[in-house]
Amino acid sequence: MPLLLGPFVRCRFSATLLVLWLVFAGFTCTGSEHTATATLPAAFTDLLPHFLIEPQDEYIVKNKPVTLTCRSTPATQIYFKCNGEWVHQDDHLIERTVDPATALPIMQVTIDITRQQVEKIFGLDEYWCQCVAWSTTGTQKSQKAYIRIAYLRKNFEEEPQGKEVALDQEVLLRCHPPEGVPEAEVEWQRNEDVLNPASDPNFFITADHNLVIKKARLADTGNYTCVAKNIVARRKSNSATVLVYVNGGWSTWTTWSSCSAVCGRGWQKRSRSCTNPTPLNGGTSCEGQNVQKSACVATCPVDGGWSEWSKWSACGSDCSMWRTRECTQPQPGTGGKECQGLDLQSLNCTSEQCPQTVSGAEDVALYVGMVAVALCLTLLLIVVVMVYRRKKEGLDADVADSSILTTGFQPMGIKPSKPENSHLLTIQPDLTTTTTSYQGTLRSRHDTTGKFSMTNGPLLDPLPNGSHTLHNGKLNSDPSEFVSRLSTQTYFKTLPRDVANTSYGTFNFLGGRLTIPSTGISLLIPPEAIPRGKIYEIYLTVQRKEDLRLPLAGCQTLLSPVVSCGPPGVVLSRPVILSMDHCSDACLDNWAIRLKKQNYEGAWEDVLLMGEELVSEPYYCQLEAETCRLFSEQLGTFALVGESLHMGAAKRLRLVLFSDAYCSTLEYNIRVYCMDDTQDVFKEVMQMERQLGGRLIDEPHVLLFKDSYHNLRLSIHDMPQAHWRSKLLAGYQEIPFYHIWNGSQRYLHCTFTLERLSLSTCELTCQLCVWQVEGEGQSFSLDFNIAKDTRAVDSEFLLMDSNATALAGPSAFQIPYLIRQKICSSLDAPCPNGADWRMLAQRLKLERHMSFFASKASPTSVILDLWEAQHFHSGNINQLATVMADIGKQEAMIFLVSDGEC
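Quick notes on the rules
- Residues numbered from 1 in each chain as written.
- Predicted model: local features only at pLDDT ≥ 70, side-chain atom pairs only at ≥ 80, totals over all residues.
- Heavy atoms only, no water.
- Helix = DSSP H or I, 4+ residues; strand = E, 2+ residues; numbered from the N terminus.
- Buried < 20%, exposed > 50% of the residue type's maximum accessible area, 1.4 Å probe, protein only.
- Contact = heavy atoms within 4.5 Å.
- Areas by Shrake-Rupley, 256 points an atom, 1.4 Å probe, with all protein chains shown as cover.
- Disulfide = S-S within 2.5 Å.
- Pairing = 2+ DSSP bridges.
- Axes fitted to C-alpha atoms, helices over the stretch in contact; angles between N-to-C directions.
- Parallel < 35°, antiparallel > 145°, perpendicular 65-115°, else oblique.
- Nonpolar A, V, L, I, M, F, W, Y, C, P; charged D, E, K, R; others polar.

Visitor: Sorry, what's going on with the overall build of the chain here?
Guide: When helices and strands are tallied, the chain shows 13 helices and 50 strands. The 902 residues of the chain split such that 44% are buried. Contacts in the chain between residues far apart in sequence, at least 24 positions, make up 68% of those at least 6 positions apart. Put simply, the chain shows about 47500 Å² of open surface, and 53% of that area lies on carbon and sulfur atoms.

Encoded structure:
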């Protein structure tokens, strides 16, 4: 009869006695830490235990213990023995189950092995463990599991060395990785890219980790690095530079040239070049001569000579006779000259020799035909004159009202009281040529049936009479009427009907500017961007992110507002400049920033990768600290999308705090908005809070949000406990990482609900802490009176732009049109001492865009366009004059004229 111990008895046998007792008695120790099983069922008493899971070899990484597992069936007990000693029973974790298929009992035991246990026998022997399973029939031992401390030393035993090799030569780079447990795996990198012999059979990695390049190619030139890694660490060797050089080889000889002498003895030559192949990377040049000469004898040329004239022919019916001669005495040969003169002479016959003929029916028919042809030509001329007069009348109607070309393009601040100032600044542009040459290809201002004539068909409906007359360069029209009319067109039905975020105007070749107030978004249309004789109605609007989803994948995030300018399809002679904010850290080492454009089908496509722009493409970007300037030869819908290259990439977030302007209850709410650091989103939040009756309680703060996959946490601390308490159950609030990173939501916010203990409490002081999990954070001190509305939403923080949203002609630019032309003509031409557009770009700190400027017909005009886009509100034209003076151009003096004289 098996013996059972009571539930409160703790077994204290030694390991040997315990084993004997269990074998003969068939029970397990019980108590608060163990589960007892008396004996196996009678049906299984004759079975030996067998192992379902045996302990496996393990490595201890740093100070993290390893776990050994042993599972057996049927078994009454399982114990581990390590290095010949039984592991204490308190260190075993036992789990008992029953196999549902066989009803056999299953026992699983696990133990933890620490670094300290292994280090105790370090140097004596390897540390090993095995488990022993008992049943009523007998015992079984598992395999031994060896536990080793993992490490990887820092220094390579042998590092690769740089080499210079000839083309198609075999290259061997040696690498002996650092000592480590487990043994380090080795991979090779070329210029930081991992080499894969499976995809490129020209590479082979030997068993002892050496790299073999079977046939060196030019593309194999680079820096090679041996990388060793195991479960503990990753080590990189010093880079070895492999330079593949090419020795020069002769091309085939050309054909012999013609003889140098025209007549007699001369020379002829042939040549070859060292281009088969051309020497590269320090390869040797070809040996031998590249030109061969040979003597030659040229046959002298023979000039042609005329034979004698033949006799005159008989007088013909046309009262003429003729004679001929030939160039046969001698014939021209070997390049000789042909005979000069006529080979045929004719002469009128005398009246006696001319045969007389009688006029008949043939002459009458001839005269009738000539009269008929004359009548047809007269009728055709009359029709052409009538058509010309009709077209001229239509043209006069098209250009009858030229105010659209003249009234909006006069400089501001003209003072007629000073007629003596005939300075260049007071000369008005001569628009008479434009008025007379305009052919009405788009529409007539008074023709309500006309439409824009563009490559993609009609885009906009006609305007009412006089609805776009310009006054002093500003457009006085109803934005809501324009947005409503624009949205009825087929292509523009998806555009938002947000009048506050839309600007439009009518422009000709003098250009202009569109601005959306308080968003940092503007469109500069330089002079001559619109072809002469054309008039375009152009719009600029901001798309809501929630209404227009961009396809983002992986680590991509939206970095800018989605901006539309159009209509698309208009013909531009020069690129316009679209300015918009972005929220990246402006470090291209951390980002791969792409410009996306929406095509006519609504799909988004990449048109530019920042830092790899091609001057031949229709798009070019200048990325500043907070603004992107896009040069575009096409209008459309654009957005900046960034893909982080590593976890150091960061977006700029703007944190804005609001509260209720008036609070009459004990509860008080603080709303913390987290948004992209762009002006358009900030404007939207301010407008929304103004409608809610909120107020700012602190200045906006900027936070760098890194691509670390960690959420953003916010908490409020250090409130005076005697007057305030928080009603939040948790100690902080958290905004998920992906809600912020993907940028699809324009702004996120969380609300902190506080409670004051008395209605008389008005002063609130606290600390707002904002941080990314496992990252650095920021802390902001708040100190304000909730009863005083001292900082309303429409205060200085909502910088509503009071300037006109649309400016046309000279009023849109700081540099007058004629002065601009003079500067361009002066700086565009290359100057030997460098005093040209290149020096202007350097002085304006735009030298990194030299190749882009150089690709344009007038580099100076593009530089001035960029200066106008950057300094429209803050530019000082005298500073530009100083730059011109430093360059040494006399044109700088034209800037020094005062505004009153202009």
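Next comes the rest of the account.
Visitor: Could you clarify how one ought to interpret the state of the cysteines in this entry?
Guide: What is meant by a disulfide is a covalent connection between two cysteines, made through their sulfur atoms. Across all of its chains, the model carries seven disulfides by this definition. Here C274 connects covalently by a disulfide to C286, the sulfurs 2.0 Å from one another. The chirality of the disulfide connecting C274 with C286 is right-handed, given an S-S dihedral of about 80°. In this pair, C274 sits in the loop between β22 (264-271) and β23 (291-298) while C286 sits in the loop between β22 and β23, placing the two residues 12 residues apart along the sequence. There is no split in this pair, since C274 and C286 are both buried. In this model C762 remains outside any disulfide bridge; the closest cysteine sulfur is found in C663, 8.9 Å from its own.

Visitor: What is the right way to look at the sheet that holds strand β18 (residues 211-213) in this model?
Guide: By definition, the strands of a sheet pair up through backbone hydrogen bonds, in either a parallel or an antiparallel sense. Read across the open sheet, the three strands follow the order β13-β18-β17; overall the sheet is antiparallel. Two strands lie at the open edges of the sheet, namely β13 (171-173) and β17 (203-205), each paired on one side alone. When the angles between neighbouring strand axes are averaged without regard to direction, this sheet yields 20°. Note: β17 against β18, three bridges, orientation antiparallel. Counterpart to F203 in the pairing with β18 is I213.

Visitor: Just checking my understanding: could you explain the sheet that holds strand β3 (residues 66-73) for this structure?
Guide: An order of β1-β3-β7-β6 is seen for the four strands of this open sheet, with the pairing classed as antiparallel. Each edge of the open sheet carries a strand with a single partner, namely β1 (50-53) and β6 (93-98). This sheet shows a mean twist of 25° between the axes of neighbouring strands, independent of strand direction. Across six bridges, β6 lies against strand β7 (residues 105-113) in antiparallel orientation. Each residue of the ladder has a partner; that of L93, found in β7, is T110.

Visitor: What should I look at first to understand the pairing of strand β35 (residues 591-598) in this one?
Guide: Within a regular strand, the side chains alternate between the two sheet faces. Within β35, seven of the eight residues are buried, leaving the element largely enclosed by the surrounding structure. Sheet topology places β35 next to strand β39 (residues 637-644); eight bridges connect them, and they run antiparallel. Bridge assignment links I593 to a residue of β39, and that residue is G642. The pairing of β35 with strand β36 (residues 604-609) spans five bridges and is classified as antiparallel. Bridging across to β36, K597 finds its partner in E605. Following β35, the chain reverses through five residues before pairing antiparallel with β36; G602 in that reversal takes a positive phi of roughly 95°.

Visitor: Whenever I open this one, the packing of helix α9 (residues 817-827) against helix α12 (residues 859-870) confuses me. Can you help?
Guide: Two numbers describe a pair of packed helices, the interaxial angle and the distance between the axes. At a minimum axis separation of 8 Å, α9 and α12 run at an interaxial angle of 130°. With respect to α12, the element α9 is oriented oblique. Residues R820, I823, C824 and L827 of α9 form the contact with α12, whose participating residues are T860, S861, L864 and D865. For the contact of α9 with α12, the per-class residue count stands at four nonpolar, two polar and two charged.

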